[in-house]
Amino acid sequence: MASMDKNPLVYLEFCQSRLITASHMLHYHSVLDAYGHISIRHPLNSHLFVMSRSIAPATISSPKDLVTYKASDASPIDPSAPPGYAERHIHSSIYNKHPHINSIVHSHAESVIPFTLLRDIPLKPVYHMAGFLGSSVPVFDIADCFQETGNDPKDMLVRTQQLGDALASHFSTGNNVTLMRGHGFTAIAETIETAVFRAIYTTKNAAIQSNALTLRAAVFGPGAGTLTGSNDGIGEIKYLSDQEATGSTEMTISTVRRPWELWAREVEKSGLYENLALPRAPE
């Protein structure tokens with residue numbers, strides 16, 4: 001990340017530009033469509049965070065499309081700010097409870113949804129680009145979190161601080177991704193580059209794992225193999241071990257700028273996206 005020593009406002013716009021580019025990357029790679037969002041912790045005030053107003057991620061184009069919120073309650077610091085996403089409490093609660101996290105992605109990617117529904121088939125890392133998934137990806141079931149005496153809308157959205165806190169608690173074991181039943185997933189990271197990386201490769205891992213499960217059933221029958229990663233059973237799917245997941249996670253973090261630069265070039269050349277914020281790091 002660039003230094004803010006010389007001009008904090010220039011540095012802020014640089015970070016805003018990267019947030020806009022990240023939104024475009026996630027749309028380009030089908031992690032976000034008209035819905036979903038990415039945020040960053042405010043680079044000049046850790047008690048705030050920045051995310052888009054309530055528009056499709058692909059159409060975000062300038063700092064005027066961005067809103068700054070309080071991490072304490074997801075309220076905008078500017079009362080006249082344009083309407084924000086209903087689920088901004090996902091972001092505020094995670095920033096509040098996990099001070100080391102600086103970027104969050106919330107996605108409804110269809111490749112991931114089946115793993116939010118089948119508790120006996122957990123999402124697990126099947127290749128080295130997704131070691132960050134670790135040994136277990138928890139599932140947040142919003143139905144378990146509605147207040148019995150409250151009037152929470154049953155629309156599956158995390159639209160209150162109480163629900164946001166419940167989701168944020170699912171990151172308490174050090175995991176980087178939490179699935180959301182019948183909804184999607186949320187990924188967290190210490191940098192925006194890593195957050196985008198994890199969101200994209202979560203969807204890729206889900207697709208590969210689904211293909212492996214389908215292939216296994218087609219060849220060996222639906223009852224073949226195991227889901228535990230052990231060495232018994234015909235047609236076993238061998239997932240990454242804990243050591244392999246840790247090692248591959250370290251490897252990808254050290255090279256995360258490589259895919260970021262590629263994905264930035266992709267959205268720059270696609271013709272669909274516009275970014276009017278500062279395009280370069282301050283000197």
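Above this note sits the structure.
Calculation rules
Residues numbered from 1 in each chain as written. Predicted model: local features only at pLDDT ≥ 70, side-chain atom pairs only at ≥ 80, totals over all residues. Heavy atoms only, no water. Salt bridge = Lys/Arg side-chain N within 4 Å of Asp/Glu carboxyl O. Buried < 20%, exposed > 50% of the residue type's maximum accessible area, 1.4 Å probe, protein only. Helix = DSSP H or I, 4+ residues; strand = E, 2+ residues; numbered from the N terminus. Patch = residues over 30% accessible without salt bridge, like charges linked within 9 Å, V, L, I, M, F, W, Y side chains within 5 Å. Areas by Shrake-Rupley, 256 points an atom, 1.4 Å probe, with all protein chains shown as cover. Contact = heavy atoms within 4.5 Å. Axes fitted to C-alpha atoms, helices over the stretch in contact; angles between N-to-C directions. Parallel < 35°, antiparallel > 145°, perpendicular 65-115°, else oblique. Left-handed = near helix turned anticlockwise from the far one by under 90°. Nonpolar A, V, L, I, M, F, W, Y, C, P; charged D, E, K, R; others polar.

A. Examining the pattern of salt bridges more closely. As enumerated under the stated definition, the model contains seven salt bridges in all. In this structure, the salt-bridge partner of Arg 159 is Asp 155, at a minimum N-O distance of 2.7 Å. By relative accessible area, Arg 159 is classed as partly exposed at 33%. Via salt bridges that share partners, Arg 119, Asp 141 and Arg 181 belong to a single interconnected network.

B. Up close: unusual backbone geometry. Even without a glycine there, the phi angle at Ala 74 is positive, about 65°. Ala 74 sits in the buried class, given a relative accessible area of 1%. Even without glycine at this site, Met 156 takes up a positive phi of about 75°. By the secondary structure assignment, Met 156 is in the loop between β5 (139-140) and α4 (161-168).

C. Broad picture of a nonpolar patch on the surface. Nonpolar side chains collect at one region of the surface, where Leu 215, Val 219 and Phe 220 lie side by side and expose about 310 Å² of accessible area between them. Structurally, Phe 220 can be placed in helix α5 (residues 192-220).

D. Inspection of the side chain of Arg 18 at higher detail. The topology assignment puts Arg 18 in helix α1 (residues 8-28). Contact partners of Arg 18, with chain neighbours within four places excluded, come to Ile 192, Glu 193, Arg 257 and Trp 260.

E. Just the packing of helix α2 (residues 88-97) against α4, in detail. At a closest axis distance of 8 Å, the pairing of α2 and α4 adopts a crossing angle of 55°. By the angle class used here, α2 and α4 are oblique. In this structure, α2 crosses over α4, and the sense of that crossing is right-handed. Across the interface between the two elements, His 89, Ile 90, Ser 93, Ile 94 and Lys 97 of α2 pack against Gln 161, Gly 164, Asp 165, Leu 167 and Ala 168 of α4. Grouping the amino acids of the contact of α2 with α4 by side-chain chemistry returns four nonpolar, four polar and two charged.

F. Representation of the packing of α1 against α5 within the structure. Interaxial distance between α1 and α5 falls to 11 Å at its minimum, and their mutual angle equals 10°. By the angle between their axes, α1 is roughly parallel relative to α5. Counted together, Arg 18, Leu 19, Ala 22, Met 25 and Leu 26 of α1 and Ile 192, Glu 193, Val 196, Ala 199 and Ile 200 of α5 form the full contact between these two elements. Across the contact of α1 with α5, the residue classes tally to eight nonpolar, no polar and two charged.

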